[in-house]
Structure formats: C-alpha cells, structure tokens
Amino acid sequence: MALTPAAAAFADLVVQVFRLNGLLLEAGDRLTAPSGQTSSRWQVMGCIDHAPQSVAAVARTMGLTRQSVQRTADLLVGDGLAAYEANPDHKRAKLLRLTPEGQRVMTTIEEAQAAWANRMADGLDEVAVRNAVELLAAVGRALARR
C-alpha cells in the first residue's frame, strides 16, 4: 500500500524522533556522568523531583514499562538517592521520593542541563521549537488514543 503524503511525512518524523531519542540519551548520559548517573536514572529522578510518585505513575509519565522503572528505582534507593514511603492511596504501591542526597545530585544535573540547553538553543528559532513541541505532543496524544 502506498503512503499518503501525510503518512510519508509522518514516517519521516518517526525516523527523526528515533534518531533524536538516541542522541538525547547519549547527551543525557554525558550530562549525568559527572554525578555518577545515567539518563534513565535522571528520568526517574526528574519525575519525583517535586513530589513523590509511585513507580507505575513514573512509568506512565515517561512512557516506560513499570518493570524498567522499578529496576531503576531500586538502584536509586540502593544508592541512597531515593527512598520508598507509604502511599496513603494504595497499601502496596509505595511512593518513591528523592532523599536529600538525591536532591543534591538532581540540582547538580539540573545546573548542567540548563547550561547545555542554553548552548543547544542558541541559534534555534524559539517559535519553531515551540511549534515542534506542540506537534510532538499532538502525535503523542494520537498514539495514546490508538
């Protein structure tokens, strides 16, 4: 079956997003390495940075499997960067929160990320970037409905 022009454009977008994902994970690993972390650990820490969440909630937010987030969460807890606490809404699904050491590491990573984002955004058209964000969000909503 031949692709419609819109479907061909969508397929091109998917390829670019896959490529960009790999590049962003590499960049994230470089940003987090001085703090002894990885992109996957940073993603989980970022989700619980402002409020504790269950592992399942982190997985939904990040579009990951609960099992992969559980492994990462257990590693963060083992390293003293996060801790489990009782969840008043669910007896078995504990909440994951950053410890003070985890918050310190997260702050260090956020400072490195801000400097990196400023460098990366230099020369990019802000309106075009915001339009890209809206497009990617719309694609995400469409995928979630199917």
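See the structure shown above.
Here the structure is a predicted model, which means the values were calculated and not measured.

Colleague: When you look at the pattern of salt bridges in this model, what are you seeing that I'm missing?
Modeller: Taken as a whole, this structure holds four salt bridges when the rule is applied. For Arg-97, the salt bridge goes to Glu-85, with nearest N and O atoms at 3.0 Å. A residue pair is termed long-range when its members are at least 10 positions apart, and Arg-97 in strand 3 (residues 90–98) and Glu-85 in strand 2 (residues 82–87) qualify at 12 residues. Given the relative accessible area of 26%, Glu-85 is considered partly exposed. Two residues, Glu-101 and Arg-104, come together in a salt bridge whose shortest N-O distance is 2.6 Å. Linking Glu-101 with Arg-104, this pair stays in helix 5 (residues 100–121), spanning three residues, or about one helical turn. We classify Glu-101 as partly exposed; its relative accessible area is 35%.

Colleague: Explanation requested: the packing of helix 2 (residues 39–47) against helix 5 in the structure shown.
Modeller: Two elements in contact, helix 2 and helix 5, have axes whose closest approach is 11 Å; the angle formed by their N-to-C orientations is 110°. It follows that helix 2 is roughly perpendicular to helix 5 by the angle criterion. Across the interface between the two elements, Trp-42, Met-45 and Gly-46 of helix 2 pack against Gly-102, Val-105, Met-106, Ile-109 and Gln-113 of helix 5. Of the residues in the contact of helix 2 with helix 5, the class split is five nonpolar, three polar and no charged.

Colleague: Explain the nonpolar core here, please?
Modeller: One broad rule of soluble globular proteins: the nonpolar side chains tend to lie buried together. Val-44, Met-45, Ile-48, Val-58, Val-69, Leu-76 and Leu-96 are the most contacted members of the largest nonpolar core, which has 19 residues in total. Of all elements in the fold, only helix 2, helix 3 (55–62), helix 4 (66–78), strand 3 and helix 5 reach the threshold of two or more residues within this core. The element best represented in this core is helix 2, accounting for four residues. Residues in contact with Val-69, not counting those within four places in the same chain, are Val-44, Val-55, Val-58, Ala-59 and Leu-64.

The rules behind the values
Residues numbered from 1 in each chain as written. Predicted model: local features only at pLDDT ≥ 70, side-chain atom pairs only at ≥ 80, totals over all residues. Heavy atoms only, no water. Salt bridge = Lys/Arg side-chain N within 4 Å of Asp/Glu carboxyl O. Helix = DSSP H or I, 4+ residues; strand = E, 2+ residues; numbered from the N terminus. Buried < 20%, exposed > 50% of the residue type's maximum accessible area, 1.4 Å probe, protein only. Axes fitted to C-alpha atoms, helices over the stretch in contact; angles between N-to-C directions. Parallel < 35°, antiparallel > 145°, perpendicular 65-115°, else oblique. Contact = heavy atoms within 4.5 Å. Nonpolar A, V, L, I, M, F, W, Y, C, P; charged D, E, K, R; others polar. Core = buried A, V, L, I, M, F, W, Y, C linked by side-chain atoms within 4.5 Å.

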